[in-house]
Amino acid sequence: MISNETPVIANSLWSATAAYSSEYPQLVGEQQSDVAVIGAGFTGLSAALHLAEQGLKAVLIDAQHPGWGASGRNGGQINVGLKDGPTGIKTKFGDLWGNRMIRMAGEAADLVFDLIARHGIECDAKRPGWLRAAHTHKTLSELHKLAEDWDNHGGGMIQLDQSEMQRLTGTEAYHGGVLDRRGGVLHPLNYALGLAEAGRRNGVEIFGETPANQITSEAGRFRIETPKGAVISEKVLICTNAYSGDLHLRLSQSVLPVRSVQVATSPLSDNVRQTILPEGNALSDARRLLLYFRQDAEGRFLMGGRGTYNDNSTLKQIERLKRISVELFPQLSGVQWEYEWGGFVALTRDHYPHLHELTPGVMTGLGYNGRGVAIATAMGRVLAKWAAGTKADELEFPVTPLKPLPFSFAKETLVEAEILRLKLLDKLGL
Ligand SMILES: Cc1cc2nc3c(=O)[nH]c(=O)nc-3n(C[C@H](O)[C@H](O)[C@H](O)COP(=O)(O)OP(=O)(O)OC[C@H]3O[C@@H](n4cnc5c(N)ncnc54)[C@H](O)[C@@H]3O)c2cc1C
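Note that the structure is a prediction, hence the values are computed from the model and not measured.

Student: Looking at this structure, I do not really get the domain arrangement of the chain. What am I missing?
Tutor: In many reports, interface size means the accessible area that the parts give up when they come together. According to the domain assignment, the chain contains domain 1 (7–75 + 189–255 + 349–420) and domain 2 (131–185 + 257–346). Here domain 1 and domain 2 have C-alpha centroids that lie 28 Å from each other. Approximately 2,300 Å² of surface area, both sides summed, lies buried where domain 1 meets domain 2, with 66% of it carried by carbon and sulfur atoms. Three residues, V8, I9 and L13, lead the burial of domain 1 against domain 2; their summed loss comes to 28% of the area buried on that side. Linking domain 1 with domain 2 are zero salt bridges. Along the contact surface separating domain 1 from domain 2 lie seven residue pairs in polar contact (both at pLDDT 80 or more). For the side of domain 1 that touches domain 2, the secondary structure elements donating two or more residues are α1 (13–16) and α11 (411–428). With five residues, the single largest contributor to the side of domain 1 that touches domain 2 is α11. Across the side of domain 1 that touches domain 2, the residue classes tally to 12 nonpolar, nine polar and five charged.

See below:
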């Protein structure tokens, strides 16, 4: 776990405006459970809630508190889909798994909105759609092909030309793009803490400041050691994503944690507000090192992008995000930037999320490649079904062998090199 988070990225808009308490007691003594869930981000929270809804006893522990990781610090954009469009997914995974994955990814946002409605979670959730903006003619034609591909697999996207994109964004910077009507926005920390509350109401035992230090097995049950106690369980779900640390070294070596950072203004005046994303959409552009922006419920403008490992380059990235915001929307010139923060996303080698069985009875889902609000929630449900007894070959997502990344001991260098490569490809428009 990356526990000593640098102050450069520690304090988010979302923690400053959280409506629910994030205080959960530390585990002291032993807790018996059907399933122990380690990590209380969207993956673990959704898994624990779905287990409880199936009548199983789940104990959920987090090293810090629910929503402390990426789930409480992200852009709050509810994005749908996986790295490739439906045809690409089927080419890689075959028809059987491909179709299941397309359904899971296509319906992941429905699951988020359904959980919010069913459990009365107050997290400013809205569904105006997710814009994907093309910064080149090449990316425009790729996005329009993606929309056609989804049209043949249940639909969801509207193709936009330059003037339609300009109307929806308020900037002439893009050649057009697509509007994915399935997407939306929410307050991510309130969504996470609301899921925790819903879990607690449904019988999930939740503990904060309770890192899992070690997992051992005795007499057919697992024992998860924590600083002041232990969870004893039939099954274990590890939901630590980019914050996986020493608990399972090969697991943390299977993803590359990369910083993503964001900046937010203070609330904009009504007349400026109406000139930027007037219909309240979320937007990501189509760059490899993508930029993403939206407004929050109070009318702050939020801009995010990939950072790197060290604080100096992160600080430069923060300044760059502010500069780009003003280039896109000159009316932001002179506004006060109220918040700067970030967190770690987990990249995988194939840019798809992964589902693994680490040892019989110990499962994990991770690697959302920076797009996890919807899909991590859906992955949590898959993990819950698996832990509750559904066979691996009947799940909605394929279980694959765990493969540590080569040279993962040199993560920082790998991240810097990968970011340089992507920057170059973006610059060359390739
Ligand atoms: C700045 C930023 C912006 C993003 N923007 C978006 C966006 O707009 N839309 C989108 O879809 N996705 C976005 N993402 C990605 C998304 O937030 C993640 O994919 C998602 O939150 C991952 O959820 P998770 O539950 O798997 O992991 P996390 O939320 O990271 O949770 C992992 C948890 O595990 C805990 N933990 C770690 N080790 C231990 C241990 N040993 N014992 C107990 N607990 C442990 C941590 O404390 C942490 O709370 C963004 C990410 C970041 C960082």
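Student: Explain the site of the ligand to me, please; I cannot follow it from the model alone.
Tutor: Lining the immediate environment of the ligand, one finds 38 residues, of which T43, D62, S71, Q77 and V373 sit closest. Note that an oxygen atom of the ligand is positioned 2.7 Å from one of the side-chain N or O atoms of T43. A distance of 3.0 Å is found between a nitrogen atom of the ligand and a backbone nitrogen or oxygen belonging to A63. Protein burial of the ligand: of its 1,000 Å² of free accessible surface, 98% is covered by the chains. Those elements giving two or more residues to the shell around the ligand turn out to be α2 (42–53), β12 (256–265) and β16 (337–347). For the shell around the ligand, the element with the most residues is β16, which contributes three residues. For the shell around the ligand, the class distribution of residues is 16 nonpolar, 19 polar and three charged.

Student: I tried to follow the packing of aromatic side chains on my own but got confused; where do I start?
Tutor: By convention here, two paired aromatic rings are described through the distance between centres and the angle between planes. Counted under the stated rule, the structure contains eight aromatic pairs. With a centroid separation of 6.3 Å and 85 degrees between ring planes, the pair formed by W14 and W341 is classed as edge-to-face. Here the residue W14 occupies a position in helix α1, and W341 occupies one in strand β16, the gap between them amounting to 327 residues. Ring geometry for F293 and F329: centres 5.7 Å apart, planes at 85 degrees, overall edge-to-face. One end of the pair, F293, is in strand β14 (residues 291–295); the other, F329, is in the loop between α9 (311–328) and β16, and 36 residues separate them in sequence.

Basis of the calculations
- Residues numbered from 1 in each chain as written.
- Predicted model: local features only at pLDDT ≥ 70, side-chain atom pairs only at ≥ 80, totals over all residues.
- Heavy atoms only, no water.
- Domains from an automatic or database assignment.
- Buried area = accessible area lost by both parts, 1.4 Å probe.
- Salt bridge = Lys/Arg side-chain N within 4 Å of Asp/Glu carboxyl O.
- Polar contact = N/O pair within 3.5 Å; in protein donor to acceptor, adjacent residues only side chain to side chain.
- Helix = DSSP H or I, 4+ residues; strand = E, 2+ residues; numbered from the N terminus.
- Nonpolar A, V, L, I, M, F, W, Y, C, P; charged D, E, K, R; others polar.
- Near = heavy atom within 4 Å.
- Areas by Shrake-Rupley, 256 points an atom, 1.4 Å probe, with all protein chains shown as cover.
- Phe/Tyr/Trp six-rings, centres within 6.5 Å; stacked < 30°, edge-to-face > 60°.

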